[in-house]
Amino acid sequence: MSGEAQSSGPAMPPEMKALLAPAIDSRSSLRELFILPLAAMFLAMLIGALIMMATSVAPATILQSFIAMAHGSVGSLHAISETLTAAIPLVLAGLGIGLAFRAGLFNIGAEGQMVVGGLATAIASFSVTGLSIWLHLPLVLLVGLAIGAVYAAIAGLLKAATGAHEVISTIMLNLISIRLLDYMLRQPFIQKEGRSDPISKAVLETAELPRILEFLDGNLRLHAGLFIMLAAVAVIYWLLFRSKLGFAFRISGENPGAARYAGIRAGLTIVMAMAIAGALAGLAGATQVSGVLGRATPGFTAGIGFDAIAVALLGRSHPVGILLAGLLFGALEAGGRQMQVDAGVSIDMIGIMQALIIIFVAAPLLVRRIFPPLFRERRRGGDEHD
Amino acid sequence: MFMKKAALTSGIAAAFMLASAGGASAFTACQVTDVGGIDDSGFNETAWKGVQDSMKSYGIDGRYLESQSETDYEPNLNALLDAKCDIIISVGFLMADATATSAGANPGAKFSIVDMAYDPTIPNVLGQVYATNQAAFMAGYISAGMSQTGVVGTFGGINIPPVTAFMDGFYYGVAYHNSQKGTNVQVLGWNPESKEGLFTGNFESLDDGRAFAQNLYDEGADIVMPVAGPVGLGSAALATELGPDALKIVGVDADMEVKDTNNPGVYLTSVLKRMDSTVMQVIKQAMDGTFEGGMIVGTLANDGVGIAPYHSFDSAVPAALKAEVEEIRAGIIAGSINVGG
């Protein structure tokens, strides 16, 4: 973190500096963003293989399934397209969650924020007509972003005004959003004509995020949300580490008392952090509806808002880390599909491996204990790892 | 460490060879399941049985992909296109849009979808639809004849035609019993005129299956037909607890008395939707080159739908009722009985 400038005044005793060191992460530990997840992934695959063996999957099939996973995630243009497509909403929502983490807030509500954002995008994308794509597309994305921000800000306001814990309020807002979606999808101005089940009308062509590789092959689903994702990573990096607001977020997250002394308004910071987190989750919902699904249905968010919490944790709440973690999760999803096709291994195995990766990442000491050479060598001077 | 790595590398190489050797079969049939999963004891599993039967009978390869959410439909179909499938079978009305999109973008590939017939037809999609209302009509008649309380019930997963076809048939079967026998058996949970009734809103929650059956039971129903895939297993669990004298279940899709070994003796009968037989037909057509877009309809006449044996209730169902049910079957096939009310 670039907050060292604040520590002017009398020289700090070295013991105190050492105490503070782990809290000051960011660029110094950027390499840890790579090595720890890789080690965690290796362990997860190892245990995944053991679990497969325990469920009487033949060893050859296990190897075949890992090959299929690599093949399905990065082994072809189609695989890369699928990995990136799956990563887009994970990274966007993950950025929001990571930003809230930095501000000391546990935003468990990304799923709900995605739901309302995506729903708003869907509505705007078929009820507004006669616009060109240059106006319509940005409009629907902004609507999704704004509604997501407002929805998350409710939890922020409740915390700032009444002290209601954001974990509880965002979980409750998730539940409300799912029922709201069910209800809204049955309203005549939203429901698709001729259907009695909850499903929205289709997104108009002018509100679709164009598929950027369609000219190569009609089955490549990668859409222009990729650029939105990359831009969001850059913007959030700037916001967190280069702007005054981001500094306020980080200081509030690490030491609310110090933030108050420094004249940072706690309530406003909470609401702002939640609103930006919600905006990103809303944008994630918007890109799913506009770029991938083309309509809203019950459960269109598919738990991405919850997976994004894992992505934010895995990425250590650092925008670049979140980008990498999102790509990894996207790869696991795309690769998992191939694993099922080629080796007939259940898709549930992927869920287990994702969980194992999270467990190992959440327990860095455990991973260091298992691979002492990996981490010791690195400290001596930048060795390559696998 | 290095030893381990070396072993791993050679293992990977071996697996590569295995993979390339295994991929040389002549014909591959692939299935995408709906969110219920391949082992839903219902329509996904029954359709997969059609693929498995074909694997045995025709010596083909079979693969499947499970959808975990609606967002998986399109990527799953795409993944199978990449996997060089000769025919792709998607299971479920909810996959209709995704299948149409995929079929449109890949006119050279063959698709078949369970529970959907496109209008207008798509040249490379063969829809498989079922006159389940015919078989459910028979089940409704039996239920009306067996009910002690004079109240029977039904509920569905989602209000879509493949689900409500069961409920329509069940309702009119009960109504037919009332008109023939002068009884006044009520049907709770579905009104075919207003198209409104009880729906769990999902095809997954066993808890919902239990709660909905409990509600119907509390309202006096002693026979319940859940039309929601695995959700019905929850209803059957309740019937096991209450005892089959208090609550009986009418299974759907497959013969649930055989499928659901956790709840023996609660299924009065089951409304069979023989997706395995139509899936097999479709695969046969794709293999011998007679495949074309359109639809095939499973009916009582071609054994695409039917009702399961009474199993443990065989002695409890009066012989006269059994005979009447067989007359109704003949009447529906001959067209002398109208299952639409």
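Residues numbered from 1 in each chain as written. Chains lettered and ligands numbered in written order. Predicted model: local features only at pLDDT ≥ 70, side-chain atom pairs only at ≥ 80, totals over all residues. Heavy atoms only, no water.

Draft legend 1. Representation of the overall build of chain B. Looking only at helices and strands, chain B has eleven helices and 14 strands in total. Its C-alpha atoms give chain B principal-axis dimensions of roughly 75 × 50 × 35 Å. The proportion of buried residues among the 341 residues of chain B is 58%. Carbon together with sulfur atoms contributes 54% to the accessible area of chain B, which is approximately 13,400 Å² in total. Of the charged side chains in chain B, 17 are positive and 38 negative, and the gap between their average positions amounts to 9 Å. (Helix = DSSP H or I, 4+ residues; strand = E, 2+ residues; numbered from the N terminus. Buried < 20%, exposed > 50% of the residue type's maximum accessible area, 1.4 Å probe, protein only. Areas by Shrake-Rupley, 256 points an atom, 1.4 Å probe, with all protein chains shown as cover. Lys, Arg positive; Asp, Glu negative; His and termini not counted. Charge placed at Lys NZ, Arg CZ, Asp CG, Glu CD.)

Draft legend 2. Examining the overall build of chain A more closely. Assigned secondary structure in chain A consists of 16 helices and zero strands. A fraction of 75% describes how many contacts in chain A between residues 6 or more apart in sequence connect residues 24 or more apart. Total accessible area on chain A is roughly 17,000 Å²; 68% of this is exposed by carbon and sulfur atoms. (Contact = heavy atoms within 4.5 Å.)

Draft legend 3. Local environment of helix α3 (residues 59-74) of chain A. Taking 1.5 Å per residue as the helical rise, α3(A) with its 16 residues ought to reach 22 Å, and the 23 Å between its terminal C-alpha atoms agrees with that figure. Those residues of α3(A) lying buried are A:Ile62, A:Ser65, A:Phe66, A:Ile67, A:Ala68, A:Met69, A:Gly72 and A:Ser73. (Expected span 1.5 Å × (residues − 1).)

Draft legend 4. Examining the interface of chain A and chain B more closely. Tallying the contact residues gives 31 residues for chain A and 33 residues for chain B. Overall, the association of chain A and chain B removes approximately 2,700 Å² of surface from exposure, summing both partners, and the carbon and sulfur fraction of that is 55%. Run the count over chain A and chain B and you get four salt bridges. The interface formed by chain A and chain B contains eight residue pairs in polar contact (both at pLDDT 80 or more). When residues of the side of chain A that touches chain B are traced back to their parent elements, those giving at least two are α3, α4 (77-102), α11 (266-293) and α13 (319-343) of chain A. Here the side of chain A that touches chain B takes five residues from α13(A), the largest share from any one element. Partitioning the side of chain A that touches chain B into residue classes produces twelve nonpolar, seven polar and twelve charged. (Buried area = accessible area lost by both parts, 1.4 Å probe. Salt bridge = Lys/Arg side-chain N within 4 Å of Asp/Glu carboxyl O. Polar contact = N/O pair within 3.5 Å; in protein donor to acceptor, adjacent residues only side chain to side chain. Nonpolar A, V, L, I, M, F, W, Y, C, P; charged D, E, K, R; others polar.)

Draft legend 5. Inspection of the pattern of salt bridges at higher detail. This structure, assessed with the given rule, holds 20 salt bridges over all chains. Across the pair A:Asp182 and A:Arg179 runs a salt bridge whose closest N-O atoms are separated by 3.4 Å. In this pair, A:Asp182 and A:Arg179 are both assigned in helix α7 (residues 166-184), three residues apart and thus about one turn of the helix distant. On the accessibility criterion, A:Asp182 (23% relative accessible area) is partly exposed. Owing to a relative accessible area of 59%, A:Arg179 belongs among the exposed residues under this scheme. Residue B:Asp53 pairs with B:Lys49 through a salt bridge whose shortest N-O separation is 3.2 Å. With B:Asp53 and B:Lys49 both in helix α2 (residues 43-58) and four residues apart, this pair spans about one turn of that helix. Via salt bridges that share partners, A:Glu82, A:Arg221, A:Glu333, A:Arg337 and B:Asp72 belong to a single interconnected network.

Draft legend 6. The arrangement of the sheet that holds strand β6 (residues 151-156) of chain B in detail. All names here are of chain B. Reading across from one edge, β7-β6-β10-β11-β12-β14 is the order of the six strands in this open sheet, with mixed pairing throughout. Of all the strands in the sheet, the pair left with one neighbour each is β7 (186-188) and β14 (305-307). Recorded for the sheet is a direction-independent mean angle of 15 degrees between the axes of neighbouring strands. Across the sheet, helix α6 (residues 161-181) is in contact with β6, β7, β10 (223-227), β11 (248-253) and β12 (267-273); its angle to β6 comes to roughly 170 degrees. (Pairing = 2+ DSSP bridges. Axes fitted to C-alpha atoms, helices over the stretch in contact; angles between N-to-C directions.)

Draft legend 7. Looking closely at the environment of B:Cys85. Residue and element names in this part refer to chain B. Relative to the helices and strands, cysteine 85 resides in the loop between α3 (73-82) and β3 (87-91). Cysteine 85 gets classed as buried once you look at its relative accessible area, which sits at 16%. For the pair cysteine 85 and phenylalanine 27, spaced 58 residues apart in the sequence, the C-alpha separation amounts to 7.6 Å. Sequence-distant contacts of cysteine 85, defined by excluding residues within four places in its chain, comprise Thr28, Cys30 and Leu80.

Draft legend 8. Here's a closer look at the packing of helix α12 (residues 304-314) of chain A against helix α14 (residues 348-362) of chain A. All names here are of chain A. In contact at an axis separation of 10 Å, α12 and α14 are set at 35 degrees when each is read in the N-to-C sense. Viewed along their axes, α12 and α14 form a crossing whose handedness is left-handed. Contacts between α12 and α14 involve Ala310, Leu313 and Leu314 from the first element and Ile357, Ile358 and Val361 from the second. Classifying every residue of the contact of α12 with α14 by side-chain character gives six nonpolar, no polar and no charged. (Left-handed = near helix turned anticlockwise from the far one by under 90°.)

Draft legend 9. Looking closely at unusual backbone geometry. All names here are of chain B. The peptide bond linking aspartate 119 to proline 120 adopts the cis configuration, its omega dihedral lying at 0 degrees. Residue position: proline 120 is located in the loop between β4 (111-114) and β5 (125-130). The backbone of lysine 195 shows a phi angle near 60 degrees, a positive value even though the residue is not glycine. By the secondary structure assignment, lysine 195 is in the loop between β8 (190-191) and β9 (196-197). Residue lysine 195 is classed as partly exposed on the basis of its relative accessible area, which comes to 40%. Positive phi is not limited to glycine here, since aspartate 303 has a value of about 65 degrees.

Draft legend 10. Here's a closer look at the pairing of β5(B). Residues and elements named next belong to chain B. Most of β5 is tucked away, with six of its six residues classed as buried. Going residue by residue along β5, you find Val125, Gly127 and Val129 tucked away on one face and Leu126, Gln128 and Tyr130 tucked away on the opposite face as well. In terms of strand pairing, β4 meets β5 through four bridges, oriented parallel. Within the sheet, the bridge partner assigned to isoleucine 113 lies in β5 and is glycine 127. In terms of strand pairing, β5 meets strand β13 (residues 294-298) through five bridges, oriented parallel.

Draft legend 11. The arrangement of the nonpolar core in detail. Residues B:Ile87 and B:Ile283 are the most contacted members of the largest nonpolar core, which totals 107 residues. With nine residues, helix α5 (residues 132-146) of chain B is the largest single contributor of residues to this core. Looking at which domains feed residues into this core, each of domain 1 (26-130 + 276-298) and domain 2 (133-272 + 310-334) of chain B supplies at least three. Excluding anything up to four places from it in sequence, B:Ile283 contacts B:Phe27, B:Ala29, B:Gly50, B:Val51, B:Ser54, B:Tyr58, B:Ile60, B:Ile87 and B:Ile89. In terms of nonpolar packing, the next biggest core, distinct from the first, is built from 101 residues, A:Ala152, A:Ile190, A:Val233 and A:Met274 among them. (Core = buried A, V, L, I, M, F, W, Y, C linked by side-chain atoms within 4.5 Å. Domains from an automatic or database assignment.)

Draft legend 12. How the structure looks around the packing of aromatic side chains. Per the stated rule, a full pass over the model turns up eight aromatic pairs over all chains. Between A:Phe101 and A:Phe106, the ring centres sit 5.0 Å apart and the planes meet at 80 degrees, which makes this aromatic pair edge-to-face. Since its relative accessible area comes to 16%, A:Phe101 is described here as buried. Taking the relative accessible area as the measure of exposure, A:Phe106 reaches 43% and is therefore partly exposed. Each ring, one from B:Tyr171 and one from B:Tyr172, has its centre 5.5 Å from the other, and the planes form 90 degrees; the classification is edge-to-face. Put simply, the rings of B:Phe137, B:Tyr141 and B:Tyr176 pair up and form one aromatic cluster. The ring of B:Tyr58 carries B:Lys284 above its face, with NZ or CZ at 5.5 Å from the centroid. (Phe/Tyr/Trp six-rings, centres within 6.5 Å; stacked < 30°, edge-to-face > 60°. Lys NZ or Arg CZ within 6 Å of the ring centre and 35° of its normal.)

Note that all results are geometric; they support no functional claim without further evidence.
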